[in-house]
Protein chains: 2
Amino acid sequence: MTTRRSDTTRAAILAAARERFASDGFDRATIRAIAADARIDPSMVMRYYGNKEALFAAAADFDLRLPDLRETPRDTVGITLARHFLHRWEGDETLMALLRAAVTKEVAAERMRSLFAAQIGPVAARLAPDPAQAATRAGLVATQMLGFALCRFVLRLPPVVTLDPDEAVAWLGPTIQRYLTDPAAR
Amino acid sequence: MTTRRSDTTRAAILAAARERFASDGFDRATIRAIAADARIDPSMVMRYYGNKEALFAAAADFDLRLPDLRETPRDTVGITLARHFLHRWEGDETLMALLRAAVTKEVAAERMRSLFAAQIGPVAARLAPDPAQAATRAGLVATQMLGFALCRFVLRLPPVVTLDPDEAVAWLGPTIQRYLTDPAAR
DNA sequence: AGATCAAGTCAACAGTTGTTGGCCAACAGT
DNA sequence: ACTGTTGGCCAACAACTGTTGACTTGATCT
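- The name an unreviewed UniProt entry assigns to chain A is TetR family transcriptional regulator, from the organism Actinoplanes sandaracinus.

### Comments concerning the pattern of salt bridges
One side chain can pair with another of opposite charge once the charged atoms of both are near each other.
Right, on to step 1. Tallying each qualifying case throughout the model produces 20 salt bridges over all chains.
Right, on to step 2. Taking the shortest distance from any N to any O, the salt bridge between Lys105 of chain A and Glu53 of chain A comes out at 2.6 Å. Linking Lys105 of chain A in the loop between α6 (94-102) and α7 (106-127) with Glu53 of chain A in helix α4 (residues 52-59), this pair joins segments that are 52 residues apart in sequence.
Right, on to step 3. For Asp24 of chain B, the salt bridge is made with Arg20 of chain B, and the minimal N-O distance between the two is 3.4 Å. Taken together, the residues Asp24 of chain B and Arg20 of chain B, both in helix α1 (residues 5-28) and four residues apart, mark about one turn of the helix.

### Topic: the domain arrangement of chain A
All names here are of chain A.
Right, on to step 1. Assigned domains within chain A: domain 1 (5-59) and domain 2 (69-181).
Right, on to step 2. Counting residues at the interface gives 13 residues for domain 1, matched by twelve residues for domain 2.
Right, on to step 3. Buried area between domain 1 and domain 2, summed over both chains or domains, comes out near 950 Å², and the portion from carbon and sulfur atoms is 59%.
Right, on to step 4. At the boundary of domain 1 with domain 2, the tally comes to one salt bridge.
Right, on to step 5. Counting across the interface, domain 1 meets domain 2 through three residue pairs in polar contact (both at pLDDT 80 or more).

### Things to note about the interface of chain A and chain B
Right, on to step 1. Between chain A and chain B, the contact holds 50 residues from the first and 49 residues from the second.
Right, on to step 2. In this assembly, chain A packs against chain B so that about 4,100 Å² is buried in total across both faces, 68% of it on carbon and sulfur atoms.
Right, on to step 3. Sorting the residues of chain A by area buried against chain B places Val103, Leu155 and Trp171 of chain A first, and these three jointly supply 19% of that buried surface.
Right, on to step 4. Run the count over chain A and chain B and you get two salt bridges.
Right, on to step 5. Residues Arg28 of chain A and Asp27 of chain B are paired through a salt bridge, measuring 2.6 Å at the closest nitrogen-oxygen approach.
Right, on to step 6. At the junction of chain A and chain B, the tally comes to 16 residue pairs in polar contact (both at pLDDT 80 or more).
Right, on to step 7. When contributions to the side of chain A that touches chain B are tallied by element, the ones reaching two or more residues are α1 (5-28), α6, α7, α8 (134-154), α9 (158-162) and α10 (165-181) of chain A.

Procedures and definitions
Residues numbered from 1 in each chain as written. Chains lettered and ligands numbered in written order. Predicted model: local features only at pLDDT ≥ 70, side-chain atom pairs only at ≥ 80, totals over all residues. Heavy atoms only, no water. Salt bridge = Lys/Arg side-chain N within 4 Å of Asp/Glu carboxyl O. Helix = DSSP H or I, 4+ residues; strand = E, 2+ residues; numbered from the N terminus. Domains from an automatic or database assignment. Contact = heavy atoms within 4.5 Å. Buried area = accessible area lost by both parts, 1.4 Å probe. Polar contact = N/O pair within 3.5 Å; in protein donor to acceptor, adjacent residues only side chain to side chain.

Printed below as a string of C-alpha coordinates:
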(Lines give C-alpha, C1' and ligand atoms only; values in the text may rest on other atoms or scores of the structure.)
Protein backbone atom coordinates (compact mmCIF):
# COMPACT_ATOMS: atom_id res chain seq x y z
CA MET A 1 0.00 0.00 0.00
CA THR A 2 2.23 2.83 -1.16
CA THR A 3 0.82 6.33 -1.35
CA ARG A 4 -0.49 7.00 -4.82
CA ARG A 5 0.33 10.13 -6.75
CA SER A 6 -3.20 11.36 -6.31
CA ASP A 7 -3.16 11.18 -2.56
CA THR A 8 -1.01 14.29 -2.48
CA THR A 9 -3.47 16.42 -4.40
CA ARG A 10 -6.36 14.82 -2.59
CA ALA A 11 -4.88 16.11 0.64
CA ALA A 12 -4.09 19.50 -0.90
CA ILE A 13 -7.70 19.88 -1.95
CA LEU A 14 -8.92 18.98 1.51
CA ALA A 15 -6.58 21.45 3.17
CA ALA A 16 -7.54 24.26 0.80
CA ALA A 17 -11.21 23.43 1.25
CA ARG A 18 -10.97 23.58 5.02
CA GLU A 19 -9.25 26.92 4.84
CA ARG A 20 -11.80 28.42 2.47
CA PHE A 21 -14.80 27.01 4.29
CA ALA A 22 -13.38 28.31 7.55
CA SER A 23 -12.81 31.85 6.36
CA ASP A 24 -15.61 32.30 3.84
CA GLY A 25 -18.40 29.95 4.87
CA PHE A 26 -20.06 27.36 2.67
CA ASP A 27 -21.65 29.59 0.06
CA ARG A 28 -18.83 32.04 -0.53
CA ALA A 29 -16.20 29.32 -0.65
CA THR A 30 -16.31 28.49 -4.34
CA ILE A 31 -14.93 25.32 -5.80
CA ARG A 32 -12.92 27.40 -8.22
CA ALA A 33 -11.23 29.27 -5.38
CA ILE A 34 -10.48 26.06 -3.52
CA ALA A 35 -9.02 24.52 -6.65
CA ALA A 36 -6.90 27.61 -7.28
CA ASP A 37 -5.52 27.43 -3.73
CA ALA A 38 -4.64 23.80 -4.25
CA ARG A 39 -3.19 24.66 -7.66
CA ILE A 40 -5.35 22.27 -9.63
CA ASP A 41 -8.27 22.35 -11.97
CA PRO A 42 -11.76 22.70 -10.49
CA SER A 43 -12.85 19.52 -12.21
CA MET A 44 -10.37 17.58 -10.11
CA VAL A 45 -12.27 18.54 -7.01
CA MET A 46 -15.39 17.03 -8.48
CA ARG A 47 -13.64 13.90 -9.55
CA TYR A 48 -12.22 13.25 -6.12
CA TYR A 49 -15.10 14.33 -3.95
CA GLY A 50 -18.19 14.08 -6.13
CA ASN A 51 -19.80 17.39 -5.32
CA LYS A 52 -19.50 20.40 -3.09
CA GLU A 53 -21.60 19.00 -0.27
CA ALA A 54 -19.51 15.84 -0.10
CA LEU A 55 -16.33 17.91 -0.14
CA PHE A 56 -17.63 19.90 2.78
CA ALA A 57 -18.59 16.75 4.62
CA ALA A 58 -15.05 15.49 4.21
CA ALA A 59 -13.46 18.82 5.16
CA ALA A 60 -15.63 19.39 8.21
CA ASP A 61 -15.02 16.03 9.80
CA PHE A 62 -14.19 16.90 13.37
CA ASP A 63 -13.67 15.40 16.77
CA LEU A 64 -13.42 17.43 19.97
CA ARG A 65 -11.04 14.82 21.41
CA LEU A 66 -12.07 15.48 24.97
CA PRO A 67 -9.55 14.10 27.42
CA ASP A 68 -10.62 11.42 29.82
CA LEU A 69 -12.09 13.47 32.65
CA ARG A 70 -12.73 10.61 35.02
CA GLU A 71 -9.48 11.23 36.80
CA THR A 72 -9.68 15.00 37.04
CA PRO A 73 -11.08 16.22 40.35
CA ARG A 74 -14.76 17.02 40.12
CA ASP A 75 -14.40 20.71 40.83
CA THR A 76 -11.73 21.47 38.26
CA VAL A 77 -13.60 19.92 35.37
CA GLY A 78 -14.94 23.32 34.27
CA ILE A 79 -11.52 24.86 33.90
CA THR A 80 -10.08 21.77 32.27
CA LEU A 81 -12.89 21.68 29.75
CA ALA A 82 -12.60 25.38 28.97
CA ARG A 83 -8.86 25.12 28.43
CA HIS A 84 -9.16 22.08 26.23
CA PHE A 85 -11.89 23.62 24.12
CA LEU A 86 -9.99 26.83 23.58
CA HIS A 87 -6.83 24.96 22.72
CA ARG A 88 -8.63 22.67 20.35
CA TRP A 89 -10.26 25.57 18.57
CA GLU A 90 -7.06 27.49 18.08
CA GLY A 91 -5.14 24.57 16.67
CA ASP A 92 -7.63 23.42 14.04
CA GLU A 93 -9.66 25.50 11.67
CA THR A 94 -12.12 22.69 11.08
CA LEU A 95 -14.36 23.86 13.89
CA MET A 96 -14.45 27.32 12.39
CA ALA A 97 -15.49 25.89 9.03
CA LEU A 98 -18.18 23.88 10.76
CA LEU A 99 -19.54 26.85 12.71
CA ARG A 100 -19.51 29.24 9.75
CA ALA A 101 -21.41 26.72 7.66
CA ALA A 102 -23.76 25.60 10.42
CA VAL A 103 -25.38 29.01 10.52
CA THR A 104 -26.90 28.66 7.06
CA LYS A 105 -26.54 24.99 6.10
CA GLU A 106 -28.87 22.60 7.85
CA VAL A 107 -26.56 19.62 7.29
CA ALA A 108 -23.75 21.43 9.05
CA ALA A 109 -26.05 22.45 11.89
CA GLU A 110 -27.07 18.84 12.35
CA ARG A 111 -23.44 17.82 12.51
CA MET A 112 -22.82 20.48 15.13
CA ARG A 113 -25.74 19.18 17.18
CA SER A 114 -24.61 15.60 17.13
CA LEU A 115 -21.03 16.63 17.81
CA PHE A 116 -21.91 18.38 21.04
CA ALA A 117 -24.52 15.87 22.09
CA ALA A 118 -22.10 13.00 21.65
CA GLN A 119 -19.09 14.64 23.26
CA ILE A 120 -20.35 16.86 26.06
CA GLY A 121 -23.45 14.83 26.77
CA PRO A 122 -21.64 11.96 28.49
CA VAL A 123 -19.57 14.34 30.60
CA ALA A 124 -22.70 16.05 31.81
CA ALA A 125 -24.41 12.74 32.37
CA ARG A 126 -21.67 11.69 34.74
CA LEU A 127 -21.29 14.98 36.60
CA ALA A 128 -24.83 16.35 36.85
CA PRO A 129 -26.36 16.08 40.33
CA ASP A 130 -29.70 15.32 38.67
CA PRO A 131 -29.44 12.79 35.82
CA ALA A 132 -32.69 14.04 34.30
CA GLN A 133 -31.15 17.44 33.62
CA ALA A 134 -27.93 16.16 32.13
CA ALA A 135 -28.86 17.10 28.58
CA THR A 136 -29.88 20.59 29.60
CA ARG A 137 -26.57 21.09 31.37
CA ALA A 138 -24.64 19.89 28.34
CA GLY A 139 -26.61 22.34 26.22
CA LEU A 140 -25.77 25.22 28.54
CA VAL A 141 -22.10 24.34 28.35
CA ALA A 142 -22.40 24.45 24.57
CA THR A 143 -23.95 27.93 24.67
CA GLN A 144 -21.01 29.35 26.59
CA MET A 145 -18.33 27.57 24.62
CA LEU A 146 -19.78 28.29 21.21
CA GLY A 147 -20.68 31.82 22.22
CA PHE A 148 -17.11 32.50 23.18
CA ALA A 149 -15.81 31.02 19.94
CA LEU A 150 -18.35 33.01 17.97
CA CYS A 151 -17.37 36.30 19.57
CA ARG A 152 -13.63 35.70 19.53
CA PHE A 153 -13.00 33.99 16.21
CA VAL A 154 -15.95 34.87 14.01
CA LEU A 155 -17.38 38.23 15.07
CA ARG A 156 -14.05 39.34 16.50
CA LEU A 157 -15.44 41.49 19.29
CA PRO A 158 -12.33 43.44 20.35
CA PRO A 159 -12.46 42.83 24.12
CA VAL A 160 -12.95 39.11 23.53
CA VAL A 161 -10.15 38.94 20.98
CA THR A 162 -7.77 40.75 23.33
CA LEU A 163 -8.32 38.31 26.18
CA ASP A 164 -5.31 36.05 26.53
CA PRO A 165 -6.06 32.35 26.77
CA ASP A 166 -5.37 31.95 30.49
CA GLU A 167 -7.60 34.87 31.33
CA ALA A 168 -10.34 33.48 29.13
CA VAL A 169 -10.12 30.08 30.81
CA ALA A 170 -10.27 31.73 34.22
CA TRP A 171 -13.50 33.48 33.27
CA LEU A 172 -15.21 30.65 31.42
CA GLY A 173 -14.12 27.78 33.63
CA PRO A 174 -16.35 28.63 36.60
CA THR A 175 -19.34 29.19 34.33
CA ILE A 176 -18.98 25.77 32.77
CA GLN A 177 -18.35 24.26 36.17
CA ARG A 178 -21.56 25.77 37.46
CA TYR A 179 -23.59 24.52 34.50
CA LEU A 180 -22.27 21.02 35.04
CA THR A 181 -22.20 20.49 38.76
CA ASP A 182 -24.05 23.24 40.65
CA PRO A 183 -27.59 22.60 41.87
CA ALA A 184 -30.21 23.63 39.33
CA ALA A 185 -31.16 27.29 39.38
CA ARG A 186 -34.49 28.66 40.61
CA MET B 1 -47.70 64.44 4.75
CA THR B 2 -50.05 61.61 3.93
CA THR B 3 -48.63 58.16 3.38
CA ARG B 4 -47.85 57.67 -0.26
CA ARG B 5 -48.97 54.60 -2.14
CA SER B 6 -45.40 53.44 -2.37
CA ASP B 7 -44.87 53.42 1.38
CA THR B 8 -47.01 50.30 1.60
CA THR B 9 -44.85 48.29 -0.76
CA ARG B 10 -41.72 49.81 0.70
CA ALA B 11 -42.72 48.34 4.04
CA ALA B 12 -43.73 45.05 2.46
CA ILE B 13 -40.31 44.75 0.89
CA LEU B 14 -38.61 45.49 4.18
CA ALA B 15 -40.68 42.92 6.04
CA ALA B 16 -40.05 40.24 3.43
CA ALA B 17 -36.36 41.08 3.39
CA ARG B 18 -36.06 40.77 7.15
CA GLU B 19 -37.79 37.42 7.07
CA ARG B 20 -35.60 36.05 4.30
CA PHE B 21 -32.38 37.41 5.73
CA ALA B 22 -33.30 35.94 9.10
CA SER B 23 -34.05 32.47 7.83
CA ASP B 24 -31.63 32.15 4.92
CA GLY B 25 -28.72 34.48 5.66
CA PHE B 26 -27.39 37.16 3.37
CA ASP B 27 -26.20 35.07 0.46
CA ARG B 28 -29.06 32.63 0.16
CA ALA B 29 -31.68 35.33 0.53
CA THR B 30 -32.11 36.33 -3.10
CA ILE B 31 -33.69 39.56 -4.20
CA ARG B 32 -36.02 37.58 -6.41
CA ALA B 33 -37.30 35.56 -3.47
CA ILE B 34 -37.78 38.66 -1.37
CA ALA B 35 -39.68 40.35 -4.19
CA ALA B 36 -41.84 37.28 -4.64
CA ASP B 37 -42.72 37.28 -0.95
CA ALA B 38 -43.67 40.94 -1.16
CA ARG B 39 -45.58 40.24 -4.38
CA ILE B 40 -43.73 42.71 -6.55
CA ASP B 41 -41.18 42.78 -9.27
CA PRO B 42 -37.51 42.38 -8.30
CA SER B 43 -36.68 45.66 -9.97
CA MET B 44 -38.84 47.49 -7.45
CA VAL B 45 -36.51 46.37 -4.70
CA MET B 46 -33.64 47.98 -6.53
CA ARG B 47 -35.57 51.15 -7.19
CA TYR B 48 -36.46 51.61 -3.54
CA TYR B 49 -33.28 50.44 -1.87
CA GLY B 50 -30.54 50.83 -4.46
CA ASN B 51 -28.81 47.49 -4.03
CA LYS B 52 -28.79 44.37 -1.92
CA GLU B 53 -26.32 45.68 0.64
CA ALA B 54 -28.36 48.79 1.26
CA LEU B 55 -31.50 46.71 1.56
CA PHE B 56 -29.81 44.59 4.17
CA ALA B 57 -28.60 47.66 6.00
CA ALA B 58 -32.17 48.91 6.16
CA ALA B 59 -33.59 45.52 7.16
CA ALA B 60 -30.99 44.83 9.85
CA ASP B 61 -31.34 48.12 11.64
CA PHE B 62 -31.66 47.11 15.25
CA ASP B 63 -31.66 48.48 18.75
CA LEU B 64 -31.44 46.33 21.89
CA ARG B 65 -33.57 48.87 23.74
CA LEU B 66 -32.04 48.07 27.08
CA PRO B 67 -34.15 49.35 29.94
CA ASP B 68 -32.71 51.94 32.26
CA LEU B 69 -30.90 49.76 34.75
CA ARG B 70 -29.89 52.54 37.12
CA GLU B 71 -32.85 51.83 39.34
CA THR B 72 -32.64 48.04 39.40
CA PRO B 73 -30.78 46.69 42.42
CA ARG B 74 -27.18 45.91 41.63
CA ASP B 75 -27.46 42.19 42.24
CA THR B 76 -30.47 41.53 40.03
CA VAL B 77 -29.03 43.20 36.97
CA GLY B 78 -27.88 39.86 35.55
CA ILE B 79 -31.33 38.32 35.61
CA THR B 80 -32.97 41.47 34.34
CA LEU B 81 -30.56 41.68 31.44
CA ALA B 82 -30.97 38.01 30.57
CA ARG B 83 -34.73 38.29 30.60
CA HIS B 84 -34.77 41.40 28.48
CA PHE B 85 -32.38 39.96 25.94
CA LEU B 86 -34.34 36.76 25.55
CA HIS B 87 -37.59 38.66 25.22
CA ARG B 88 -36.15 41.05 22.70
CA TRP B 89 -34.80 38.25 20.60
CA GLU B 90 -38.03 36.31 20.50
CA GLY B 91 -40.13 39.28 19.50
CA ASP B 92 -38.06 40.55 16.59
CA GLU B 93 -36.39 38.57 13.85
CA THR B 94 -34.05 41.43 13.02
CA LEU B 95 -31.41 40.15 15.43
CA MET B 96 -31.56 36.75 13.79
CA ALA B 97 -31.01 38.34 10.39
CA LEU B 98 -28.09 40.28 11.79
CA LEU B 99 -26.48 37.23 13.39
CA ARG B 100 -26.91 34.98 10.38
CA ALA B 101 -25.33 37.60 8.16
CA ALA B 102 -22.61 38.60 10.62
CA VAL B 103 -21.00 35.20 10.33
CA THR B 104 -19.99 35.71 6.72
CA LYS B 105 -20.48 39.41 5.96
CA GLU B 106 -17.92 41.74 7.47
CA VAL B 107 -20.28 44.72 7.38
CA ALA B 108 -22.82 42.84 9.44
CA ALA B 109 -20.13 41.70 11.88
CA GLU B 110 -19.05 45.29 12.33
CA ARG B 111 -22.62 46.28 13.06
CA MET B 112 -22.86 43.52 15.62
CA ARG B 113 -19.67 44.73 17.27
CA SER B 114 -20.78 48.32 17.56
CA LEU B 115 -24.23 47.23 18.69
CA PHE B 116 -22.89 45.35 21.68
CA ALA B 117 -20.16 47.83 22.44
CA ALA B 118 -22.59 50.71 22.48
CA GLN B 119 -25.34 49.00 24.44
CA ILE B 120 -23.69 46.66 26.93
CA GLY B 121 -20.51 48.69 27.27
CA PRO B 122 -22.06 51.47 29.35
CA VAL B 123 -23.80 48.99 31.64
CA ALA B 124 -20.53 47.24 32.33
CA ALA B 125 -18.74 50.54 32.76
CA ARG B 126 -21.11 51.46 35.54
CA LEU B 127 -21.23 48.10 37.29
CA ALA B 128 -17.70 46.74 36.97
CA PRO B 129 -15.67 46.84 40.18
CA ASP B 130 -12.61 47.70 38.12
CA PRO B 131 -13.25 50.36 35.44
CA ALA B 132 -10.27 49.17 33.42
CA GLN B 133 -11.90 45.79 32.84
CA ALA B 134 -15.30 47.13 31.87
CA ALA B 135 -14.91 46.35 28.18
CA THR B 136 -13.76 42.82 28.91
CA ARG B 137 -16.77 42.24 31.11
CA ALA B 138 -19.13 43.56 28.45
CA GLY B 139 -17.50 41.22 25.97
CA LEU B 140 -18.00 38.23 28.25
CA VAL B 141 -21.66 39.11 28.63
CA ALA B 142 -21.90 39.16 24.86
CA THR B 143 -20.37 35.69 24.58
CA GLN B 144 -23.01 34.18 26.83
CA MET B 145 -25.95 36.01 25.35
CA LEU B 146 -25.00 35.46 21.75
CA GLY B 147 -23.97 31.90 22.46
CA PHE B 148 -27.37 31.17 23.90
CA ALA B 149 -29.13 32.77 20.94
CA LEU B 150 -26.90 30.87 18.55
CA CYS B 151 -27.65 27.51 20.13
CA ARG B 152 -31.35 28.11 20.65
CA PHE B 153 -32.44 29.96 17.52
CA VAL B 154 -29.85 29.17 14.89
CA LEU B 155 -28.30 25.78 15.59
CA ARG B 156 -31.39 24.59 17.44
CA LEU B 157 -29.62 22.33 19.91
CA PRO B 158 -32.54 20.32 21.33
CA PRO B 159 -31.86 20.78 25.06
CA VAL B 160 -31.45 24.52 24.56
CA VAL B 161 -34.59 24.79 22.45
CA THR B 162 -36.60 22.88 25.04
CA LEU B 163 -35.65 25.19 27.88
CA ASP B 164 -38.57 27.43 28.76
CA PRO B 165 -37.77 31.14 29.04
CA ASP B 166 -37.92 31.36 32.83
CA GLU B 167 -35.61 28.42 33.21
CA ALA B 168 -33.20 29.91 30.70
CA VAL B 169 -33.16 33.22 32.53
CA ALA B 170 -32.54 31.45 35.82
CA TRP B 171 -29.49 29.74 34.33
CA LEU B 172 -28.06 32.65 32.37
CA GLY B 173 -28.80 35.43 34.83
CA PRO B 174 -26.18 34.46 37.42
CA THR B 175 -23.55 34.00 34.72
CA ILE B 176 -24.11 37.48 33.38
CA GLN B 177 -24.24 38.84 36.90
CA ARG B 178 -20.89 37.29 37.64
CA TYR B 179 -19.30 38.65 34.48
CA LEU B 180 -20.51 42.13 35.36
CA THR B 181 -20.04 42.50 39.08
CA ASP B 182 -17.95 39.69 40.55
CA PRO B 183 -14.27 40.29 41.27
CA ALA B 184 -12.03 39.40 38.36
CA ALA B 185 -11.08 35.75 38.08
CA ARG B 186 -7.58 34.32 38.61
C1' DA C 1 -60.14 65.93 -21.15
C1' DG C 2 -55.41 65.94 -21.46
C1' DA C 3 -50.87 66.33 -19.47
C1' DT C 4 -47.74 64.91 -15.75
C1' DC C 5 -45.68 61.96 -12.93
C1' DA C 6 -45.35 58.17 -9.72
C1' DA C 7 -45.85 52.98 -9.50
C1' DG C 8 -45.21 48.88 -11.54
C1' DT C 9 -44.02 45.30 -15.31
C1' DC C 10 -41.03 42.99 -18.69
C1' DA C 11 -37.14 41.35 -20.85
C1' DA C 12 -32.58 41.31 -21.03
C1' DC C 13 -27.57 42.04 -19.62
C1' DA C 14 -23.24 40.28 -17.71
C1' DG C 15 -21.07 37.71 -14.35
C1' DT C 16 -20.61 33.67 -11.41
C1' DT C 17 -21.65 29.20 -9.90
C1' DG C 18 -21.59 23.87 -9.69
C1' DT C 19 -20.94 20.42 -12.76
C1' DT C 20 -19.84 17.59 -17.02
C1' DG C 21 -17.41 15.22 -20.79
C1' DG C 22 -13.80 15.05 -23.99
C1' DC C 23 -9.04 15.40 -24.61
C1' DC C 24 -3.86 15.13 -23.48
C1' DA C 25 0.39 13.57 -21.06
C1' DA C 26 2.92 10.61 -18.21
C1' DC C 27 3.65 6.36 -16.31
C1' DA C 28 3.41 0.88 -15.61
C1' DG C 29 3.37 -3.61 -17.08
C1' DT C 30 4.05 -6.61 -20.76
C1' DA D 1 7.74 -0.55 -28.25
C1' DC D 2 2.95 -0.92 -27.12
C1' DT D 3 -0.96 -0.56 -24.56
C1' DG D 4 -3.91 0.42 -20.67
C1' DT D 5 -4.46 3.19 -16.82
C1' DT D 6 -4.03 7.08 -14.01
C1' DG D 7 -3.72 12.14 -13.09
C1' DG D 8 -4.66 16.34 -14.99
C1' DC D 9 -6.44 20.23 -18.10
C1' DC D 10 -9.65 22.68 -21.10
C1' DA D 11 -13.88 24.37 -22.75
C1' DA D 12 -18.43 24.39 -22.29
C1' DC D 13 -23.21 23.69 -20.26
C1' DA D 14 -27.23 25.31 -17.73
C1' DA D 15 -28.91 27.59 -13.92
C1' DC D 16 -28.97 31.40 -11.13
C1' DT D 17 -27.44 35.90 -9.46
C1' DG D 18 -27.70 41.27 -8.94
C1' DT D 19 -28.74 44.90 -11.72
C1' DT D 20 -30.42 47.90 -15.61
C1' DG D 21 -33.29 50.37 -18.91
C1' DA D 22 -37.28 50.81 -21.73
C1' DC D 23 -42.04 50.45 -21.63
C1' DT D 24 -47.07 50.39 -19.65
C1' DT D 25 -50.52 51.50 -16.38
C1' DG D 26 -52.97 54.37 -13.30
C1' DA D 27 -53.83 58.18 -10.55
C1' DT D 28 -53.71 63.33 -9.87
C1' DC D 29 -53.99 68.02 -11.08
C1' DT D 30 -55.14 71.84 -14.09
